[in-house]
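# Examining the three-dimensional arrangement
Read off the chains here:
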Amino acid sequence: MTSAQVDQHRDGNEAVRAEGSEGEGYQRGLGARQIQMIAIGGAIGTGLFLGAGKGISKAGPSLILAYAIAGLVIFFIMRALGELLMYRPVSGSFSEYAREFIGPFAGFVTGWTYWLFWVVTGITEVTAAAAYMTYWFDIPQWVSALIFTIILYGANLISVKLFGELEFWFSMVKVTAIIGMILICAGILTIGFSDAGETASVSHLWSDGGFFPHGIGNTLMTLQMVMFAFLAVELVGVTAGESKDPKTVLPKAINTVPWRIAVFYVGALIMILSVVPWTHFQPGVSPFVAAFEKMGLAAGAGIVNFVVLTAALSSCNSGMYSTGRMLRDLALNSQGPKLFTKLTSNGLPLVGTTFSAALMLVGVWINYQWPGKAFDYVVSFATISGMWAWIVILLCQIRYRAKADRGELPRSDFRAPGAPFTSWFALAFIGMVIVMMGIDKDARVSLYCAPLWGLVLAVAYLVLKRRNPEAAAFRKR
């Protein structure tokens, strides 16, 4: 490609950036404040508030190191995504980049897999939210699940700005809870108040059996749980087509990843494990609840229950938002029913969101009727499908960078530092986590489900390609 052609390509790309979501029919309703909190909230969920208890009992204080290393990998992934977003910010970015840099089939698989990930996640989270409500109210679980689903569905059909506001306040609750816990623990360590004041000490991080009390092997086995806790951090990429100023807002949001993980995961765990020895934590019990009890704060369980309820509703809200966009992106590329391309007067994907919300309701009913292992298998699949999006982001960034360096495509304004080496490192790390999943009998079911889903998609794509050859063609939007 000559310099003149690159300039022409760059001019066309700038036109896409300026036109943005208007060219796709969406409206730019998400401001900097909302994007920042969506980015923060995406990294904080039930994996921290509830799941960390299992990790602590399995790895002890070394879980802190696991979160730190995994957090670095997440930063590499997000910077890779940021480079792609600044090259071409579009809604449904993962599947769109997969089509361009890997092939139409990869875009088809990525779009439908990420859609399924959020449908399954929405099912589990709204069901969990309904279960959390029983802590305060003696009402049937299905009633709460139905009410939550209807409220979030309605909010997502009013305006994208309302979705952003809900996520802002959901994230604010989670952030406030963690910062509050950190400040309380800091006060106990320095001033010594509360029931835990006499025994609180930073030495708990290494004095109770060492930093690796169960060996490095067990710490490696917790990496899968740690990575699962970070699922949905990439959601900020789906908002690209509806951000008011993506070229400015998205890089700022992505660059906050290191301090978010440092404060909300590493910092919170350091404080909690300094106040309460790691031997006091049990699987299935929130470390936040255990810490509050140790401090003598009776209201701790209720506070954490409210925060976890907020985290579950936040995740379900994100699912409502992303599924409609992914289905519309597939339909615009002839890889899904054309019905999903329809937008409301507010620029919202009505049909896709409605279809996904209906499936979430069916899932709640299935969970109510048959809460056995069959449903657990479906839930476990969400983890591997979520990591597929990360793999695609990294592969696309590697291919994009190679083309940009050869002058075939314009360079992004937000280049990932250390790439492509950091992207290859992140891919290798994800590969190691998948191996760990294969070793762990409880997580192995995820790997069984993935080939079956892949086979279903392969057959569907062959049928679709035969009926509509446009499904196998990439058209840049």
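The preceding data block contains the structure.
What comes next is a walk through the structure. (Residues numbered from 1 in each chain as written. Predicted model: local features only at pLDDT ≥ 70, side-chain atom pairs only at ≥ 80, totals over all residues. Heavy atoms only, no water.)

## Structural notes on the overall build of the protein
The condition is simple: Strands here mean DSSP runs of E at least two residues long; helices mean DSSP runs of H or I at least four residues long; both are numbered from the N terminus. Partly exposed residues are those whose accessible area sits between 20% and 50% of the maximum for their type, while under 20% is buried and over 50% is exposed, using a 1.4 Å probe and protein chains only. Surface accessibility in these figures is a Shrake-Rupley result with a 1.4 Å probe; residues are shielded only by whichever protein chains are displayed.
In terms of helices and strands, the protein carries 20 helices and zero strands. By residue count, 57% of the 477 residues in the protein fall in the buried class. Surface summary for the protein: the accessible area is close to 18,500 Å², and the carbon and sulfur share equals 68%.

## Notes on the pattern of salt bridges
Selection rule: Between Lys or Arg on one side and Asp or Glu on the other, a salt bridge is scored when a side-chain nitrogen of the former is within 4 Å of a carboxyl oxygen of the latter.
As enumerated under the stated definition, the model contains eight salt bridges in all. A salt bridge links R99 to E96; its shortest N-O distance comes to 2.9 Å. Of this pair, R99 and E96 both sit in helix α6 (residues 93-101), three residues apart, which is roughly one turn of the helix. What makes E96 buried here is its relative accessible area of 0%.

## Quick notes on the packing of helix α7 (residues 104-133) against helix α8 (residues 141-158)
Condition: Angles here are taken between N-to-C directions and fall from 0 to 180 degrees, while the axes themselves are lines fitted to C-alpha atoms, restricted in helices to the stretch in contact. An angle below 35 degrees is read as roughly parallel, one above 145 as roughly antiparallel, one from 65 to 115 as roughly perpendicular, and any other as oblique. Handedness of each helix crossing follows the sense of rotation of the near helix against the far helix: counterclockwise by less than a right angle gives left-handed, clockwise gives right-handed. The criterion used for residue contact is that any of the two residues' heavy atoms lie within 4.5 Å. Gly is put with the polar residues, along with every residue not named as nonpolar or charged; the nonpolar set is Ala, Val, Leu, Ile, Met, Phe, Trp, Tyr, Cys and Pro, and the charged set is Asp, Glu, Lys and Arg.
Closest axis-to-axis distance for the α7/α8 pair is 8 Å, and the angle between their directions is 125°. As summarised for this structure, α7 and α8 are arranged oblique, according to the angle between their axes. Of the two elements, α7 crosses α8, and the hand of that crossing is right-handed. For the pair α7 and α8, the contacting residues are V126, T127, A129, A130, A131 and M133 in the first and Q141, S144, A145, F148 and T149 in the second. By residue class, the composition of the contact of α7 with α8 is seven nonpolar, four polar and no charged.

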